[in-house]
Amino acid sequence: RGPITGDLHGLLSSFPPTTFAFAYGSGVIAQQGYNYDALPSTLPMVDIVMAVDDPLLWHRANMKENRHHYSSLALGGPRFISQVQESAAGIYYNPYVELKGIKIKYGVISYRRLCHDLTHWDSLYVSGRLHKPTLLLHDCDGATMSVHQQENLHNALTTALLVLPETFSETQLYMAISSISYKGDLRMGIAENPHKVRNIVERNMAGFRSMYLPLLASSPSFQPVLAEPLPPSLTLPDTTTAHATDTLVPLYITQRKSPE
């Protein structure tokens, strides 16, 4: 048994319309160190991010339907909530919400702010979560979001490659990528498990491969190749299909130097 696999998509019907939504974290993406066979009440909370066109209108509608989701800050009204949201990372969370028997925490961000964070890394708060495998719940503007997300992944890959040695393993690569959004996070080692990054990567190699191997294979700057010596049977997975990661063979990658 793994994380919650129920109809998370159906949860969105409890909210006003969204433009883009995804679930992330140990509640939906398996991590080492969690007992997913435990009672549902002890499972990790499901984290959801919803991007909306107009936060003010969205919170106004949501407070009519789900006022009990909000803290006392809601006494200031939807305009105050949207102003609080626009401060800092541009996202407002309602935690400890139970819907259809599932315990969730949901964050609301403007679609414009999300797209800007994906391409400019304003805060890395949401874009950093999308460096790692997530569960897509809704996307009504697929082409635009795909372009922004690919730029986000390319930037994460490039940043990780800059700090890795000439030859490195897939695990090292995905750990370097996953670590980017935790740099400077005071919770790491205090409120968060200090092994969180490794726990994420080791249970999700297939997910990371589907996100990053196509970028590695087509990278004009780094042109990674398999390091030698390697077993004769070891070859790069077929990166032309998203499902070509079912059979996992450990890979070691070498950054091919560009000619002077």
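Values in this document were obtained by computation on a predicted structure and should not be read as measured data.

Caption draft 1: Highlighting the nonpolar core. Counting residues in each nonpolar core, the largest one holds 27 residues, and the members touching the most others are Leu157, Leu173, Tyr174, Ile177 and Tyr212. Every element with two or more residues in this core is listed here: α4 (142-163), α5 (170-179), α6 (196-202) and α7 (205-217). Broken down by element, the residue count for this core peaks at 7 residues, all from α7. Excluding residues within four positions of it along the chain, isoleucine 177 makes contact with His131, Ala156, Leu157, Ala160 and Tyr212.

Caption draft 2: Quick peek at the pattern of salt bridges. Across all of its chains, the model carries 5 salt bridges by this definition. With a shortest N-O distance of 3.0 Å, arginine 198 and glutamate 202 are connected by a salt bridge. Residue arginine 198 and its partner glutamate 202 are both found in helix α6; the two are separated by 4 residues, about one turn of the helix. Among the residues examined, arginine 198 registers a relative accessible area of 38% and is labelled partly exposed. Relative accessible area serves as the criterion here: at 39%, glutamate 202 is assigned to the partly exposed category. What emerges from the salt-bridge pattern is a single network uniting Glu86, Arg112 and Arg113.

Caption draft 3: Representation of the sheet that holds strand β1 (residues 20-24) within the structure. Taken together, 5 strands build an open sheet; the order of strands is β3-β4-β2-β1-β5 and the sheet is mixed. Each edge of the sheet is formed by a strand with only one pairing partner; in this case those strands are β3 (91-99) and β5 (135-139). Taken pair by pair, the neighbouring strands of this sheet meet at an average axis angle of 20°, ignoring direction. Inspection of the sheet shows β1 paired to β5 by 4 bridges, in the antiparallel sense. Considered in β5, the bridge of alanine 23 is made with leucine 135. Taken strand by strand, helix α3 (residues 111-120) contacts β1, β2 (46-52) and β4 (102-110), and its axis lies near 85° from that of β4.

Caption draft 4: Quick look at the side chain of lysine 132. Summarising the element assignment, lysine 132 is placed in the loop between α3 and β5. The residues touching lysine 132, leaving out its near neighbours within four places in the chain, are Ser178, Ser181, Tyr182, Ile200, Phe208 and Met211.

Caption draft 5: Spatial organisation of the pairing of β1. By the criterion of burial, β1 is predominantly enclosed, with 5 of the 5 residues buried. Strand direction decides the pairing type here: β1 and β2, joined by 5 bridges, are antiparallel. The partner of alanine 21 across the bridge, within β2, is methionine 50.

Caption draft 6: Region of the structure containing unusual backbone geometry. One non-glycine residue with positive phi stands out, namely lysine 100, at about 50°. Mapped onto the secondary structure, lysine 100 falls in the loop between β3 and β4.

Caption draft 7: Main features of the confidence of the model for the protein chain. With 77% of its residues at a pLDDT of at least 70, the protein chain reaches an overall mean of 82. Averaged pLDDT values over the elements of the protein chain bottom out at 52 in strand β7 (residues 225-226) and peak at 98 in helix α1 (residues 55-66). Low pLDDT, under 50, characterises residues 226-247; the predicted model gives this stretch 27 contacts beyond four residues in sequence or across chains.

About the cut-offs
- Residues numbered from 1 in each chain as written.
- Predicted model: local features only at pLDDT ≥ 70, side-chain atom pairs only at ≥ 80, totals over all residues.
- Heavy atoms only, no water.
- Core = buried A, V, L, I, M, F, W, Y, C linked by side-chain atoms within 4.5 Å.
- Buried < 20%, exposed > 50% of the residue type's maximum accessible area, 1.4 Å probe, protein only.
- Helix = DSSP H or I, 4+ residues; strand = E, 2+ residues; numbered from the N terminus.
- Contact = heavy atoms within 4.5 Å.
- Salt bridge = Lys/Arg side-chain N within 4 Å of Asp/Glu carboxyl O.
- Pairing = 2+ DSSP bridges.
- Axes fitted to C-alpha atoms, helices over the stretch in contact; angles between N-to-C directions.
- pLDDT = per-residue confidence, 0-100.

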